[in-house]
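# Structural features, examined
Each chain, written out:
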Amino acid sequence: QHQIELGHRLCDSPFYKGLQGSRATLLMLDKKAHALSRLWCVFELNETLQKLKHPLEVWTPLGRVGTGLVSSGPVLQALMRVDTRKAKASHPVDQRSIMNHVAGLDENQGIKNNEWNKKVLDPDWPQGIYERDLIESEATKFTELNNQIISSVRHALGRDPLTQSSSGALGLADTPLLQLVLE
C-alpha cells in the first residue's frame, strides 16, 4: 500500500509509536466503516483497548458517535457487528504478524527472514491455512477485541440503543434517534 518503514517488529511501527504517546485514539469512519476491514486499524484498536487501556472515540463525517447526529444508522450498525477476524492487510507478512499479535502469540510465528533479511511467510506454514487455523484456535482473543470495540461504542452512546427484536434482527427501539445518512 504505502511505502513507509514499518520496522522489524510491530512495536517499531509508526502506528504503534503514535499510540504510545497518546491518551486516546480517534477512529474516523466513512459511511461504510471501511477502516474496520483494515488490519492495521485493528492493530491500533487492539493496542488502544487491550494493551494501553486508552479511551476510543469514533467519529464520522457528521461528528462523534454518541452525539445527536450520530446515534444510529449504517456506520453504527457496522460498528456493532464488527468482526476483527475478517480484517485484511495488503501485505501477507503484515497480515500474519498482526493476527499473531492480536491472538497473543509471537508476532513472527510462521514468518522467517529470507537471504536478504526480508520477512517472508514461512512455506511450512501455508498462507490462508495458517490464518484460518489461527482464527479457530484463538477465537476468544478476536471475540474479546470485538466486544471491547462494541463496548466502547455503547459507552459513547451512553446506553445500548440496539436491541434484539423477536425476529433476531437489530432494532433501534426506545431510543431517540436521528437517522445517519452519509453520501
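In short, a report on the structure. Per chain, residue numbering runs from 1 following the sequence as it is written. This being a predicted model, a pLDDT of at least 70 is required before a residue's local features are given, and a value of 80 or more before pairs of side-chain atoms are given or counted; all residues contribute to the totals for chains, interfaces and linings. Neither water nor hydrogens contribute to the side-chain values; these are computed over all heavy atoms in the structure.

Once that is clear, we can look at the overall build of the protein. A helix here means a DSSP run of H or I that spans at least four residues, while a strand means a run of E at least two residues long, and both kinds are numbered starting from the N terminus. In terms of regular secondary structure, the protein is built from six helices and seven strands. Shown N-terminal to C-terminal, the secondary structure of the protein runs as helices and strands in the order α-β-α-β-β-α-α-β-β-α-α-β-β. Per-residue burial for the protein yields a buried fraction of 44% across its 183 residues. Pairs of residues are marked as contacts when any of their non-hydrogen atoms sit within 4.5 Å. Long-range contacts, defined as pairs at least 24 residues apart, comprise 67% of the intrachain contacts of the protein with a sequence gap of at least 6. All accessible areas in this document rest on Shrake-Rupley with a 1.4 Å probe, and a residue is counted as covered only by the protein chains that are shown. Carbon and sulfur atoms make up 52% of the accessible area of the protein, which amounts to about 10,300 Å² in all. Each residue's exposure class comes from its accessible area (1.4 Å probe, protein chains only) as a fraction of the maximum for that residue type: buried when under 20%, exposed when over 50%, partly exposed otherwise.

Counting through the fold element by element, S152 comes out in helix α6 (residues 139–157). Given the relative accessible area of 16%, S152 is considered buried. Excluding residues that lie within four positions of it along the chain, S152 makes contacts with L49 and L56.

Moving on to the packing of helix α2 (residues 39–51) against helix α4 (residues 92–102). Contact geometry of α2 with α4 gives a least axis separation of 10 Å together with a crossing angle of 20 degrees. Between α2 and α4, the crossing angle belongs to the class labelled roughly parallel. Viewed along their axes, α2 and α4 form a crossing whose handedness is left-handed. Contact residues: L39, W40, V42, F43, N46, E47 and K51 in α2; D94, Q95, I98, M99, H101 and V102 in α4. When grouped by side-chain class, the residues that make up the contact of α2 with α4 number seven nonpolar, three polar and three charged. Fitting a line to C-alpha atoms yields each axis, with helices limited to the stretch in contact; the angle taken between N-to-C directions then spans 0 to 180 degrees. Convention used here: angles under 35 degrees read as roughly parallel, angles over 145 as roughly antiparallel, angles from 65 to 115 as roughly perpendicular, and any remaining angle as oblique. Note on convention: the crossing is left-handed when the near helix lies turned anticlockwise from the far helix by less than a right angle, right-handed when the turn is clockwise. All amino acids are sorted into three groups, where Ala, Val, Leu, Ile, Met, Phe, Trp, Tyr, Cys and Pro are nonpolar, Asp, Glu, Lys and Arg are charged, and the leftover types, Gly among them, are polar.

This part takes up α6. An α-helical turn contains 3.6 residues, so a residue and the one three or four places further along point in the same direction. An ideal rise of 1.5 Å per residue puts 27 Å on 19 residues; α6 measures up with 27 Å between its terminal C-alpha atoms. Of the surrounding secondary structure, the elements contacted by the buried residues of α6 are α2, β2 (56–60), α3 (74–80), α4 and α5 (129–137). To estimate the expected span of a helix, count its residues, drop one, and scale the result by 1.5 Å.

So, on to the packing of aromatic side chains. Centre distance within 6.5 Å is the pairing criterion for rings of Phe, Tyr and Trp, where only the six-membered ring of Trp is used; planes under 30 degrees apart are then read as stacked, over 60 as edge-to-face, and the remainder as tilted. Within the structure shown, the criterion is met by two aromatic pairs. Ring centres of W40 and F43 lie 5.5 Å apart, and the angle between their planes is 80 degrees; on these two criteria the pair is classed as edge-to-face. Placement of the pair is W40 and F43 together in helix α2, with a separation of three residues, close to one helical turn. Taken as a pair, W40 and F43 share a single burial class, namely buried.

Let's shift gears to the sheet that holds β2. If DSSP finds at least two bridges between two strands, the strands pair. The sheet built from three strands is open, its strands ordered β1-β2-β3 with mixed pairing. The open sheet is flanked by β1 (25–28) and β3 (63–64), the only strands paired with a single partner. As paired strands, β2 and β3 are joined by two bridges and run antiparallel to one another. In the strand pairing of β3, W59 is matched with R64.

All right, on to the pattern of salt bridges then. Salt bridge criterion: a side-chain nitrogen from Lys or Arg within 4 Å of a carboxyl oxygen from Asp or Glu. Evaluation of the coordinates by the stated rule reveals three salt bridges. Of the charged contacts in the structure, one is a salt bridge between D83 and R85, with a shortest N-O distance of 2.7 Å. As a salt-bridge pair, R96 and E131 come within 2.8 Å of each other at their nearest N and O atoms. Highlighted residues: R96 in helix α4 and E131 in helix α5, separated in sequence by 35 residues. With respect to burial, R96 and E131 carry one shared label: buried.

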